[in-house]
Amino acid sequence: MTISKAAPPYRSILGIPVASLRRDEAISLLSRMIRDRTFTKVSFLNAHNANIACSDKDFAAVLNDFLVLADGIGVDIAARWLYGAPFPDNLNGTDFVPDLLKASDKPLTVALLGAKRANAERAAARLSQIAPQHKIVVVHDGFFTAKEEPGIVAAIGSLRPDILLVAMGVPRQEMWIARHMRPEHCTLPIAVGALLDFLSGSVPRAPAWMRRLRLEWLFRLLIEPGRLWRRYVVGNPLFLFRVLRQKLGGGERS
C-alpha cells in the first residue's frame with residue numbers, strides 16, 4: 001500500500017509531486033505510517049534529482065509512487081516561482097532521517113543498505129548514538145551483483161525492518177526500491193543518497209553557518225569540484241531554466 005497523492009498537499013516541480021509539509025508534520029506522518037505498518041516508499045527531490053527525472057522517464061515514473069520530500073534551496077526557489085511561496089521546511093535526508101529516528105520513543109528496527117561496508121558500519125554506530133532506542137542493522141554494502149540481490153532481498157524480508165535506508169545514489173536507489181521492496185519486506189524504504197557517508201564522517205558536512213544560509217551545495221562543490229562541478233555549475237542553471245519554462249508554459253500544478 002502506498003500513500004495517496006491526495007494527502008498531504010503536494011506541489012508539482014517539473015512534473016514530480018512533492019509533499020508540502022513542515023518538519024513536524026512530515027515526522028508525524030511517517031511515524032504514523034510506521035505505527036500502522038503502511039508501506040510507503042520515500043525519497044527526496046532536489047535540483048539534481050529533478051534534472052535526472054527530466055531526462056530519465058523511468059525514474060520520473062517511479063517517483064510518482066513515492067512520498068517525495070523537498071530537499072534544498074533549488075526546489076524552494078522553484079516553489080516560489082510556481083506557487084508564490086517556498087516549501088514549509090527544507091527536509092533534506094541528511095538532517096531529516098536522524099530527526100525522524102530521534103522522534104520515535106518506540107524501539108524500531110532500522111536496516112542500512114548501501115555505501116561502502118566500512119562507511120555503513122560507522123553510520124550504524126553513529127545512528128546508535130543518535131537514537132539508542134532503536135536496533136540498527138547493516139544488511140549489505142552498496143556493491144553487489146545481480147546474483148546477490150535475491151539473498152539481500154530475502155535478508156531484508158527476514159528482518160522486516162520498520163525503516164530501510166537505501167544509500168546507492170540517484171536514481172539507482174529509487175529504482176532498486178521500486179523493483180524489489182514490497183510490504184512484506186519493510187514498512188518505510190527511504191532513498192537517502194549520501195546519508196551513510198555523511199554519518200560515517202567520510203564525507204564532511206558544511207559548517208553550520210553555510211547550512212543556515214542554504215549553501216551546503218557550494219561547500220560540497222568546493223571539496224569535490226572534479227565530481228560535482230557538472231551537477232552544480234551546469235545542473236543548477238539548467239534546473240532553474242526548466243522551472244521557468246514550466247511557469248511560462250503553464251505546466252502542471254497541484
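Here, every reference points to the structure presented above.
Residues numbered from 1 in each chain as written. Predicted model: local features only at pLDDT ≥ 70, side-chain atom pairs only at ≥ 80, totals over all residues. Heavy atoms only, no water.

Caption draft 1: Up close: the overall build of the chain. Each helix and strand counted, the chain has twelve helices and eight strands in total. For the chain, whose C-alpha radius of gyration is 17 Å, the value lies close to the compact-globule estimate of 18 Å for 254 residues. Summarising its shape, the C-alpha atoms of the chain cover approximately 50 × 40 × 35 Å along the three principal directions. Looking at the 254 residues of the chain, the share that counts as buried comes to 50%. Expressed as a percentage of contacts within the chain between residues at least 6 apart in sequence, the contacts between residues at least 24 apart total 74%. For the chain, the accessible surface area stands at approximately 11,400 Å², while carbon and sulfur atoms represent 56% of it. (Helix = DSSP H or I, 4+ residues; strand = E, 2+ residues; numbered from the N terminus. Rg over C-alpha atoms; globule rule 2.2 N^0.38 Å. Buried < 20%, exposed > 50% of the residue type's maximum accessible area, 1.4 Å probe, protein only. Contact = heavy atoms within 4.5 Å. Areas by Shrake-Rupley, 256 points an atom, 1.4 Å probe, with all protein chains shown as cover.)

Caption draft 2: Representation of the packing of helix H2 (residues 47–55) against helix H12 (residues 225–248) in the model. Where H2 meets H12, the closest approach of the two axes is 9 Å, and the angle between their N-to-C directions is 70°. Classed by the angle they form, the pair H2 and H12 counts as roughly perpendicular. Both H2 and H12 take part in a crossing whose hand is left-handed. Contacts from Ala47, His48, Ala50, Asn51 and Cys54 of H2 reach H12 at Arg231, Gly235, Asn236, Leu238, Phe239 and Arg242. Its residues assigned to classes, the contact of H2 with H12 shows five nonpolar, four polar and two charged. (Axes fitted to C-alpha atoms, helices over the stretch in contact; angles between N-to-C directions. Parallel < 35°, antiparallel > 145°, perpendicular 65-115°, else oblique. Left-handed = near helix turned anticlockwise from the far one by under 90°. Nonpolar A, V, L, I, M, F, W, Y, C, P; charged D, E, K, R; others polar.)

Caption draft 3: View of the packing of aromatic side chains. Taken as a whole and judged by the stated rule, the model has three aromatic pairs. Look at Phe144 and Trp176: their rings are 6.3 Å apart centre to centre, the planes differ by 70°, and that puts the pair in the edge-to-face class. With a gap of 32 residues between them, Phe144 in the loop between strand E6 (135–140) and helix H7 (149–159) and Trp176 in helix H8 (residues 172–180) connect regions that are remote in the sequence. Both residues of the pair, Phe144 and Trp176, count as buried. Measuring from ring centre to ring centre gives 5.9 Å for Trp217 and Tyr232, while their planes differ by 50°; the resulting arrangement is tilted. (Phe/Tyr/Trp six-rings, centres within 6.5 Å; stacked < 30°, edge-to-face > 60°.)

Caption draft 4: The arrangement of a nonpolar patch on the surface in detail. Side chains of Trp81, Leu244 and Leu248 sit close together on the surface and give an oily, nonpolar patch of about 310 Å² of accessible area. Relative to the elements of secondary structure, Trp81 occurs in helix H4 (residues 73–83). (Patch = residues over 30% accessible without salt bridge, like charges linked within 9 Å, V, L, I, M, F, W, Y side chains within 5 Å. Salt bridge = Lys/Arg side-chain N within 4 Å of Asp/Glu carboxyl O.)

Caption draft 5: Region of interest: the nonpolar core. Residues Ile13, Leu45, Leu113, Trp176, Met181 and Phe239 are the most contacted members of the largest nonpolar core, which totals 40 residues. Contacts of Met181, omitting those with residues within four sequence positions, involve Phe39, Val153, Ile156, Leu164, Trp176, Cys186 and Pro189. Judged by nonpolar contacts, the second largest core, of 38 residues, contains Ala26, Leu91, Ala123 and Ile163. (Core = buried A, V, L, I, M, F, W, Y, C linked by side-chain atoms within 4.5 Å.)

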